[in-house]
Structure formats: C-alpha cells, structure tokens
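One letter stands for each residue in the lines below.
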Amino acid sequence: MIDNNSIEQLKQTIDIVDVVGNYVELKKNGSNFKGLCPFHDEKTPSFIVSPSRQSFKCFGCGIGGDAIKFVMEYEKLNYPEAIEKLAQMVNFSLRYTQGREGAGEEKRILETVGQWYRANLERADHAKAYLARRGVSLASVEKFALGYAPSSNEVLAYLQKSLIPFPKAAEVGILGEERGRYYARLVERVIFPIHSPTGMLVGFGGRTLGDHPAKYINSPQTKLFNKSRLLYGYHLAKEQIYRKKRLVVVEGYMDVIMLHQAGFTTAVATLGTALTPDHLPLLKKGEPEVIVAYDGDKAGVAAAMKAAQLLGAHNFEGGVVLFGGGMDPADMVQKGEIEAIEGLFARPIPFAQFVIDQIVASHDLGSPRGKENAFNALKNYLSTLSPFVVEKYAPYAALRLGVNPAMLAPRNARPEAPRYDHRRRPPQAPQSTPSSVLTLSDVAEGSIIKTLLKTPSLVDMVLDTMDASMFAVHRGAFEALVQGRENDELLRIDMDDAIKTYTEEELKRQLLYFLQRYYKRALDIIKKDDRLPLEQKIFHIRKYQDYINRLKRGELVPYETHETTL
C-alpha cells in the first residue's frame, strides 16, 4: 500500500499542465490551456486544463478531475497504478506500507542488473548473432531493452562489485539459493526484461544459447513478479490496444518482438503459462477485441482451446488464429509474410465456434457412443456461455453434430398470459423506444427465475438492478415469484432439469452482460430519436453512458438510480 503522506507530497510535486501535456497538445487560452479531448472524438477543442485549480474538464463529454484522474482514464489504470505512473513521470520516490517497504530497493536492484544485462549484450557476439539470425533489428533490441546474462560467477562478481547483497538479489529473483550457496538463475541467456502494465521493471525472462533443457525460463514469483497476472510487452502495447481496440495474445517473447517490428503493435504474450482468470482484468482494459494467436501444433491447439473457453465464458469479443506449417508469428515476419498475418488477424475464428469445432473433431461421430459424448460435451460447454451467445451458436453446434437444433437449444416452458401488479409502475423505456428491443432474452429468463427459486437470498440483487418489464416470456412468473404467489409456470420452471441454475457469481455476470446490452440499445435509440429536445437527449446519453461504464467495471447499477430516466 502506498503511504498517504507520500501521495500528498506527490500531488504537490506534479503540475497538471505538464502531465496532460504528455498526452494532449495544449495551447494557452487566457489563464487556462485548451486542446482536443482525448476521451471522445471532436474537431473543435472543448477540453480545458486549469493550472490554478490543478484540474481538467471537457465540456463536450463531461469528464473531469485532477492529474491522477486523467492518468487513470487515459492509461486505463486503477488508483495505485496511476499514482505509480505519475511518480515515474516526475522521478518521485514513493513510500510504501504493509509489506512494500522494500519496493524502492527492489526496483533499484532490478534496474541496475537490467542495465548490466544490456551492456553485456554489446560484448556478447554470439548473442547478437542469434538475434540477427532471428531477424531482430537493432531498433527492436533497443525498444525491448534486450540483454545478455553471462556465467553465474560473473553475475555474482558483478553484484558484489555493485554492493548488492545476495539475499536482496535473491528476493527479486536474480539469484537462487541452495544449501546456503547462491547462484545466478539466468545464465548464458538472452535476456528479455518484463515490466508491469505501468512500465515498472519487475523481472526477467531468458532464452538459453547453450544446451540447457529449458529453452526459456522466467524469474521466480516475487513480491513484484507474478507471471499469472502479467503479459509480456503490455506496457509498450497498451496505448495502441486502447486506440485500435485490438489485443493479440501470442505464445512467446520473440513473437511479440517480431510482430511489433512488423507494425502489429498490439501484440503481447503470456509468460510461459496459459491464460488464466488472473489475466482477465488486464485483458479487459480498454474493452479490446482479443485475438488468441497460437502455433497450430498439438500444444498450441490445446492452449487455444483453454483460452477460448475462458474468454468466451467471460463474454470477450474476438477469436482464435492458428499458425500452420510449423510456422510461428516470428517466423512469418522474418519471411516477410506481413499481409498473410494481417489476413489471419482480420478473420479470427470466434471463440464459441472454435470450441465447438474442437469438441466435434475430438469425437467419433460415426459411432452412437461418440456422438452422444460429443452431444453432452457441447451441452456442457453451451451452459457456460451467455444466453445471447448460446442463441447464436446452438444452431451451429447442432449443424456440426448433425442433430435437430431443438436438442441443443435450452428448453423453456410455454408462457402464460402476463400478470401485472399495477401497484408498482415498471420503469418506462425512453419516449418512442419500442420496449420489445429492450427485453431480456428468454434463454436467460428461466435460469434467473429458477436461480431465485433455489436461492431466495439473491432476489434483492435482481430487484435492485432490473424490473419485470424486462422479461419478455416469463414476466408473469417473475412477478408471481416477487409477490410470493403460486404460479403454474413457476412450478414448470422449477421442475425443468434443462433450465440451468446460476451460482451467485454467474448470476451477477449475466446481469452485468444483459444490462450493458440493455443500456447500449437504449443509448442507440436515444441518439437516433430526433423528436427529443437537445437538452433531454444529452442528459439521457450521459446518463446511459455512465451506467454502461459502471457496468463494465463490474458494478451493478441500482434500480433506483435509473428508474426516473428509463
């Protein structure tokens, strides 16, 4: 945790004009500065920076705040990350509490050793020859700060000369210890520095130039280094990721370097591990399309399968690209096949389609048992997806399997006539908004109702965020459930084993997904409605965009906050 007094001292050190000026071209305008807002498209500047107030404000989109808020919004960082980013910009040393007292010293050791690795590369002809053979340019060597680690004895001698204690070097992963003796973890390897999303050096990866059985190894887990939460090259790629709304995940360091060298500057890589749920917050920043681009060998396909299942279950847009012919992205760049790579990235296989194809391909559909196993696997997979995705891909899965689509589509009971409780007036859609386009998918309705029947404690979560008017098929059943009335439809839903029951986390995820779609549709309708007065239109647009942003951050928007405007 960053010490509060340290944060206050940082605030007194920074000047918002200097901070914002690193990102936006500002021009003097009286006592203030003016420029084009970086948070929305505009041709006439409406973005104002006030030195006297140390704040910024856009009178076009309404966003405003101090320097910390600006960095948070522009860099897509949380509060502590933005503080650390600002401290780096002005060369300010932060103080930490609760286990981070040594962070400054750890950072100094890593940076000192990293500089030494880089200097060693200049003297290591065989390492430079390896990089040249792989097609790595001198500009890429500089951009990614590549280096070279010599023998263990040379590393130990350098640390002693630099007055870096061996125990401290071990804490940051430079050294290992065995039976009281220290040794260098990275020996005779090309070095790839690894940074946090804010750009802080946190560890190293190494590629052997000898006959070591482990071709690539990384720093061990430390206070600063957690490979399951980091993506190689992200600190260099993030600005383009936010701008292009695309993020490409590849398998290795060289793939990232060569793709950046070829102009694919949104490429990042996992650090010798598969994509995990811990990577998801980083992948979600900026809401990009995520392309998983792996080798087409058996291991690559298996890794792509796991990634597609994980990303699909969390409603990521994007898909999978597999490189065939024993080639990887680095090989293709080296051979000049840039257009072919762009073509692959432009047409990824959607996550759900990829998983369905792999499930079907892994079973013998010629035998009844094989077809049944494939059917069960597909049913289980579809149950992990959003109802909207299921609605789109269940027919495709049925086609690939060669069965009637009705067998894979979730079954819902036939609806009875809706019953309304007029004592509570449901929220109204915006004027002239067809309510039919703002209703919940009937695939999800049954599961939400059944979940509330099984876990009544979750009723408040649903009622706090939505209303019966959003139910198209089971509105009467939902109202009966809320009012505690008996209802034949409720009984049918409760008895239908084909209707999935959500966990609390799954229910929240479905609500977040649906409400985002709900407000995005409402936002589109408002934007196209020329009959609304301009003031009212702007009010609704800002309100709905605020709801969408909060939902994207995982915050369920309370029903009371939007009852008066929907």
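What counts, and where the lines are drawn
Residues numbered from 1 in each chain as written. Predicted model: local features only at pLDDT ≥ 70, side-chain atom pairs only at ≥ 80, totals over all residues. Heavy atoms only, no water. Helix = DSSP H or I, 4+ residues; strand = E, 2+ residues; numbered from the N terminus. Buried < 20%, exposed > 50% of the residue type's maximum accessible area, 1.4 Å probe, protein only. Areas by Shrake-Rupley, 256 points an atom, 1.4 Å probe, with all protein chains shown as cover. Lys, Arg positive; Asp, Glu negative; His and termini not counted. Charge placed at Lys NZ, Arg CZ, Asp CG, Glu CD. Pairing = 2+ DSSP bridges. Core = buried A, V, L, I, M, F, W, Y, C linked by side-chain atoms within 4.5 Å. Contact = heavy atoms within 4.5 Å. 1 Å grid on protein atoms, 1.4 Å probe; cavity = no way out; pocket = protein on both sides within 12 Å on 5 of 7 lines; lining within 4 Å. Points joined across faces, edges and corners; volume = space filled by probe spheres on them. Nonpolar A, V, L, I, M, F, W, Y, C, P; charged D, E, K, R; others polar. Axes fitted to C-alpha atoms, helices over the stretch in contact; angles between N-to-C directions. Parallel < 35°, antiparallel > 145°, perpendicular 65-115°, else oblique. Left-handed = near helix turned anticlockwise from the far one by under 90°.

**A short note on the overall build of the protein chain**
And then number 1: Each helix and strand in the protein chain was counted, giving 26 helices and 16 strands.
And then number 2: By principal-axis analysis of the C-alpha atoms, the protein chain measures approximately 85 × 75 × 50 Å.
And then number 3: Evaluated residue by residue, the protein chain yields a buried proportion of 50% over its 566 residues.
And then number 4: As displayed, the protein chain has an accessible area near 27600 Å², and 49% of this comes from carbon and sulfur atoms.
And then number 5: A distance of 2 Å separates the average location of the 73 positive side-chain charges in the protein chain from that of its 68 negative side-chain charges.

**Remarks on the sheet that holds strand β13 (residues 267-269)**
And then number 1: The 5 strands lie next to each other as β13-β12-β14-β15-β16, forming an open sheet whose pairing is mixed. The open sheet has two edge strands with one neighbour each: β13 and β16 (349-350).
And then number 2: Both strand β12 (residues 246-250) and strand β14 (residues 289-295) contribute to a ladder of 4 bridges, which runs parallel. Bridge pairing links Arg246 to Glu289 in β14.

**As for the sheet that holds strand β2 (residues 32-35)**
And then number 1: Spatially, 5 strands are ordered β1-β2-β3-β4-β5 in an open sheet, and the strand pairing comes out antiparallel. Among the strands making up the open sheet, the edge pair consists of β1 (27-29) and β5 (64-65).
And then number 2: With 3 bridges joining them, β1 and β2 adopt antiparallel strand pairing. From the neighbouring strand, Lys28 faces β2, where its bridge partner is Phe33.

**A short note on the pairing of strand β3 (residues 47-50)**
And then number 1: Side-chain alternation along β3 places Phe47 and Val49 on one buried face and Ile48 and Ser50 on a second face that is also buried.
And then number 2: Bridge count between β2 and β3: 3 bridges; the pairing is antiparallel. Its bridge partner being in β3, Lys34 is matched across the sheet by Ile48.
And then number 3: Relative to strand β4 (residues 55-58), β3 runs antiparallel, the two being bridged by 4 bridges. The partner of Val49 across the bridge, within β4, is Phe56.
And then number 4: Hairpin connection between β3 and β4: a loop of 4 residues separates the two successive antiparallel strands, and Gln54 in this loop has a positive phi of roughly 50 degrees.

**A few points about the nonpolar core**
And then number 1: In this structure, Leu275, Leu283, Leu311, Leu452 and Leu507 are the most contacted members of the largest nonpolar core, which totals 86 residues.
And then number 2: For this core, the element with the highest residue contribution is helix α24 (residues 504-528), accounting for 11 residues.
And then number 3: Not counting residues within four places of it along the chain, the set of residues in contact with Leu452 comprises Leu458, Val459, Val462, Phe478, Leu481 and Leu507.
And then number 4: Counting residues in hydrophobic clusters, the runner-up holds 62 residues, among them Ile164, Ala169, Phe204 and Leu259.

**Some words on the environment of Leu94**
And then number 1: Summarising the element assignment, Leu94 is placed in the loop between α4 (79-89) and α5 (103-123).
And then number 2: Residue Leu94 is classed as buried on the basis of its relative accessible area of 13%.
And then number 3: With 84 residues separating them along the chain, Leu94 and Leu10 place their C-alpha atoms 8.0 Å apart.
And then number 4: Beyond its immediate sequence surroundings of up to four residues, Leu94 is in contact with Ile2, Ser6, Leu10, Ile83, Glu84 and Ala87.

**A look at the layout of surface pockets**
And then number 1: Each pocket or cavity is described by its volume, and for the second largest pocket that value is around 730 Å³.
And then number 2: For the second largest pocket, the lining is made up of 25 residues, of which Glu81, Ser196, Pro197, Arg229 and Leu230 are closest to its centre.
And then number 3: Going through the elements one at a time, α4 and α12 (280-284) are the ones with two or more residues in the lining of the second largest pocket.
And then number 4: When residues in the lining of the second largest pocket are grouped by element, the largest group, 3 residues, is from α4.
And then number 5: Here the lining of the second largest pocket is built from residues that sort into 13 nonpolar, 5 polar and 7 charged.

**Structural notes on the pairing of strand β7 (residues 175-178)**
And then number 1: Where β7 and strand β8 (residues 181-184) come together, 4 bridges link them in antiparallel fashion. Paired with Gly176 across the bridge in β8 is Tyr183.
And then number 2: The hairpin turn running from β7 into β8, its antiparallel successor, is 2 residues long, and Arg179 in that turn takes a positive phi close to 55 degrees.

**Observations concerning the packing of α24 against helix α25 (residues 534-552)**
And then number 1: One can describe the packing of α24 onto α25 by two numbers: an axis separation of 9 Å at closest approach and a directional angle of 160 degrees. On the basis of the axis angle, α24 is roughly antiparallel to α25. Between α24 and α25 the crossing geometry is left-handed. Within the contact between the two elements, α24 uses Leu512, Leu515, Gln516, Tyr519, Lys520, Ala522, Leu523, Ile526 and Lys527 and α25 uses Lys537, His540, Ile541, Tyr544, Gln545, Tyr547, Ile548, Leu551 and Lys552.
And then number 2: Class assignment for the residues of the contact of α24 with α25 results in 11 nonpolar, 3 polar and 4 charged.

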